[in-house]
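If you want the building blocks of each chain, they are given just below.
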Number of protein chains: 4
Amino acid sequence: MLEELKREVYEANMELSKRNLVVYTWGNVSGFDSDAGLVAIKPSGISYDDLKAEDIVLVDFDCNVVEGELNPSSDTKTHIELYKAFNEVKGIVHTHSPWATSFAQAGIGIKPFGTTHADYFWGEIPCTRLMEENETYDYERSTGKLIVETFEGRGPLEIPAVLVNEHGPFTWGKTPAEAIYHAVVLEEVAKMAFRTQLLRRNQDTESMQQIILDKHFLRKHGKNAYYGQQKESNID
Amino acid sequence: MLEELKREVYEANMELSKRNLVVYTWGNVSGFDSDAGLVAIKPSGISYDDLKAEDIVLVDFDCNVVEGELNPSSDTKTHIELYKAFNEVKGIVHTHSPWATSFAQAGIGIKPFGTTHADYFWGEIPCTRLMEENETYDYERSTGKLIVETFEGRGPLEIPAVLVNEHGPFTWGKTPAEAIYHAVVLEEVAKMAFRTQLLRRNQDTESMQQIILDKHFLRKHGKNAYYGQQKESNID
Amino acid sequence: MLEELKREVYEANMELSKRNLVVYTWGNVSGFDSDAGLVAIKPSGISYDDLKAEDIVLVDFDCNVVEGELNPSSDTKTHIELYKAFNEVKGIVHTHSPWATSFAQAGIGIKPFGTTHADYFWGEIPCTRLMEENETYDYERSTGKLIVETFEGRGPLEIPAVLVNEHGPFTWGKTPAEAIYHAVVLEEVAKMAFRTQLLRRNQDTESMQQIILDKHFLRKHGKNAYYGQQKESNID
Amino acid sequence: MLEELKREVYEANMELSKRNLVVYTWGNVSGFDSDAGLVAIKPSGISYDDLKAEDIVLVDFDCNVVEGELNPSSDTKTHIELYKAFNEVKGIVHTHSPWATSFAQAGIGIKPFGTTHADYFWGEIPCTRLMEENETYDYERSTGKLIVETFEGRGPLEIPAVLVNEHGPFTWGKTPAEAIYHAVVLEEVAKMAFRTQLLRRNQDTESMQQIILDKHFLRKHGKNAYYGQQKESNID
């Protein structure tokens, strides 16, 4: 059943590993077929070295396994809640990618600081509120509901990523491949946002001495340059 | 003797190198056979490029070499103290992996900030107290005793890692392979904890201008997008 | 037409990818032939894996495509403004390389802190002022004009790089290859400047205990060293 | 002449590149033969891809080229000053390795914070004072003299590294290979010292909620674990 979707989901899972977004088994990708009403998802706890296309599990919206020998990802219910609420979304990725996870652990969203962010996310990438005790009983489903709550009044494809507080990122897209693409971009954007914030708080330090600046520039460039094998200015 | 344990310890040592947890000879792995009462450990100062399975040294709890041509790791007595005190532990890893070592050098434990930590460590990864002068005479054994003291009242498999103050991390597990696994996880968790702490202390910076945010998002997405080769919205 | 320039521009684009300065399609390189008055530039939204030398597009100073099947980079007008204003410049590179982009997002220039900077950039690498609303209507051309304004009174080859505020870096040179070279150097210089600033603001911490310093140094060096396989002092 | 020394110096230069300590041509290694009174050193501005063993230049203490077709490194006089003053030193390395260079640019030494440092450097790795204007006329020789001044009263093999203010590191050893080894260790030690300093200044942040800590640990470990394919506690 749904061999093409399963292959797409398998390949997206392998791409996670290739893009260095996961360590060991820390991540999962799913895809959704809206006609069949079925989710294809990585099995739980299987390493990327061992994963095969036929291991991908098919589940329905009640989390019943429809096809597959293995248990689906322990985060399956989170994925299902998102597919239920976000109509255009057909692929979801969860990782513990370190830059995005650091923001999630700090409990703060990623503000837009530049065009790299703006090219993909039309505003702040939000961080969910803390989960309350009574929500932890159906933990994975509650995680999904918290994400949906966070996007009330926003289009999920305008900001195709979220940070789950004390946990890590989820990204999504119109296909599993697009969800991976957004996971890669999110990690880059988080890295730059971290550094932007630190730079703004650690400014006002002194430049080097002008005389050493001149010495080194002119050692390599201009008429009296003496670096390298040629007398003329050169670039290395 | 104990060929299987020696092979396991050899492979775990090589995995340290493959996982980029060690530079030159900065690390060692041991395994323990409780029936024989013997520890298999890396020889001292041998580089991972040169290490062979038959180089693994067998020592008893008095640190006598029972088999092997080479001197055992200079940290052997530390390993022995842990095997004596932690019954379920059958594999131990010591590295100078840079993120965990930075916490050890700062003298502070790694607090749990998110689920990546919580999946493996049921609480703060503790840092030992400073060693006192009289403890330095039997330095490596004292290091082991300090770790054991730090875990008084805690189950070592609930938090299978420690930071030795002014030194670096030790991790352990039910096998040498599991100890390595925990060393890899510790390094990831330390990296994220570092960034989480810095993010919380470097917040409150301004977002970019809304007009540039809009410009870039709409240059790529929606009806009037003009980035790329197609008129329709696209992801790259 | 201009086959050699197109090959040079193609190779410079591939070098961007090889040097890890771009993720996906985030970057573009152009070259300028002043006799023909034509710019050779990467097509928009084409991934580096798929790019071929014959895909390079030739445009004139009015941004008309003179040769090529594909749309030129969406940043083409920015490149054209620079070639118009900077006579000696014959190659331009735009990236979102993460260290330089973090400074651009923070809105601060990169001060010269050491000789690595001084060897290539004769002063602070400036950050442009924020773009004003009325400038956003012809966005890419305005970006170029802002860069030119920033260099009023400065020789562009004395500081062959700029940070566009809320966006990212542009670098240039006498050839496309030299522009790439400067993009690589800029990223290294930005990385070191970031760390320099943070170090200056995070000083005054305590050294380790002298007794442990002595213990470890003397465990490896001198007459009583006992680390490794030999009794004499050794380096590992 | 001195074919073996030249090969050693060639191989040490290539090791610099392999260990990722240099970008382009930013580094040089030399070796010293005290019987011949000659220094073997990398030629200036030659890339590591093009370097051949026969390119290594031999110079005497007056910086006259005794053998070789190419100009010696522009830093040759710095190396000579060190060989003159430091009797046991027979190999010297200069790089712009980014972590060590960041300390040099900040103008602060690297304090000993842990045993990784203590295993190789018996105290703070010092940073030279700023160069004065009158010293810049014989710039490279003055750099060497400044380093020697910084080590007055210290044994250069007890701390085989220095940070030249506003510039970058030099390391040394009893052979060129040992000098490289110290360059690699210095970079690791600088990286950890940076993070140690930042951690100490960015503490006191809150742990995660206990209930989520429990939830995730117990989802994977113990009787009621449900992560993965097996009911028993597992490690991944």
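Rules of the game
- Residues numbered from 1 in each chain as written.
- Chains lettered and ligands numbered in written order.
- Predicted model: local features only at pLDDT ≥ 70, side-chain atom pairs only at ≥ 80, totals over all residues.
- Heavy atoms only, no water.
- Least-squares fit on C-alpha atoms with pLDDT ≥ 70 in both.
- Contact = heavy atoms within 4.5 Å.
- Buried area = accessible area lost by both parts, 1.4 Å probe.
- Salt bridge = Lys/Arg side-chain N within 4 Å of Asp/Glu carboxyl O.
- Polar contact = N/O pair within 3.5 Å; in protein donor to acceptor, adjacent residues only side chain to side chain.
- Helix = DSSP H or I, 4+ residues; strand = E, 2+ residues; numbered from the N terminus.
- Nonpolar A, V, L, I, M, F, W, Y, C, P; charged D, E, K, R; others polar.
- UniProt positions renumbered as here; feature names shortened; annotations may be inferred.
- Buried < 20%, exposed > 50% of the residue type's maximum accessible area, 1.4 Å probe, protein only.
- Pairing = 2+ DSSP bridges.
- Domains from an automatic or database assignment.

> Could you clarify how one ought to interpret the relation of the copies chain D and chain B in this entry?
What connects the two chain copies is a rotation about an axis and a shift along it. By a simple turn and slide, chain D fits onto chain B: the slide is 0.0 Å along the axis, the RMSD is 0.0 Å, and the turn is 90 degrees. These values place the two chain copies in the arrangement generated by a four-fold rotation axis. Residues of chain D ranked by C-alpha distance from the rotation axis are headed by D:Leu198, positioned 5.6 Å from it.

> Is there a simple way to think about the interface of chain D and chain B in this case?
How big an interface is tends to be stated in terms of accessible area lost as the parts join. The partner chain B presents 36 residues to the 38 residues of chain D that form the contact. For the pair chain D and chain B, the two sides together bury roughly 3,600 Å², of which 60% comes from carbon and sulfur. Linking chain D with chain B are zero salt bridges, by the criterion used here. In this structure, the connection of chain D to chain B is made through 16 residue pairs in polar contact (both at pLDDT 80 or more). Put simply, the parts of the chain that give the side of chain D that touches chain B at least two residues each are α4 (115-118), α6 (176-201) and α7 (210-220) of chain D. In terms of residue count, the dominant contributor to the side of chain D that touches chain B is α6(D) (14 residues). Looking at the side of chain D that touches chain B residue by residue, the classes come out as 16 nonpolar, eleven polar and eleven charged.

> Quick question: what am I supposed to make of the UniProt feature "domain: Class II aldolase/adducin N-terminal" (unreviewed entry) in chain A here?
In the UniProt entry, the feature "domain: Class II aldolase/adducin N-terminal" (unreviewed entry) is given for residues 7-194 of chain A. As annotated, residues 7-194 of chain A has a helix share of 35% and a strand share of 17%, and its two end C-alpha atoms lie 35 Å apart.

> Can you help me understand the pairing of strand β2 (residues 38-41) of chain C in this one?
Within a regular strand, side chains alternate between the sheet's two faces. All names here are of chain C. Here β2 shows a buried face lined by Leu-38 and Ala-40 and a second buried face lined by Val-39 and Ile-41. By the bridge criterion, four bridges tie strand β1 (residues 27-33) to β2 in an arrangement that is antiparallel. Within β2, the residue paired with Asp-33 across the bridge is Leu-38. The loop that links β1 with its antiparallel partner β2 comprises four residues; one of these, Gly-37, has a positive phi angle of about 70 degrees. Alignment of β2 against strand β3 (residues 57-59), held across three bridges, turns out to be antiparallel. Bridge pairing in β3 links Ile-41 to Val-57.

> So what exactly am I meant to see when it comes to unusual backbone geometry here?
Glycine aside, residues mostly have negative phi, and peptide bonds are mostly found in the trans state. Phi at A:Tyr24 takes a positive value of approximately 50 degrees, unusual for a residue other than glycine. Examined against the element boundaries, A:Tyr24 turns out to sit in the loop between α1 (3-18) and β1 (27-33). Residues other than glycine seldom take positive phi values, yet D:Asn20 does so here, at roughly 60 degrees. Overall, D:Asn20 belongs to the exposed group, its relative accessible area being 64%.

> How do you make sense of the domain arrangement of chain A when you look at a structure like this?
Taken domain by domain, chain A holds domain 1 (3-201) and domain 2 (210-236). Centre-to-centre separation of domain 1 of chain A and domain 2 of chain A, based on C-alpha positions: 51 Å.

> In this structure, what is going on with the side chain of B:Lys6? I would like to understand it.
The residue B:Lys6 is located in helix α1 (residues 3-18) in this model. What B:Lys6 contacts, discounting residues up to four positions off in sequence, is B:Met1, B:Ala40, B:Ala53, B:Ile56, B:Leu58 and B:Glu67.

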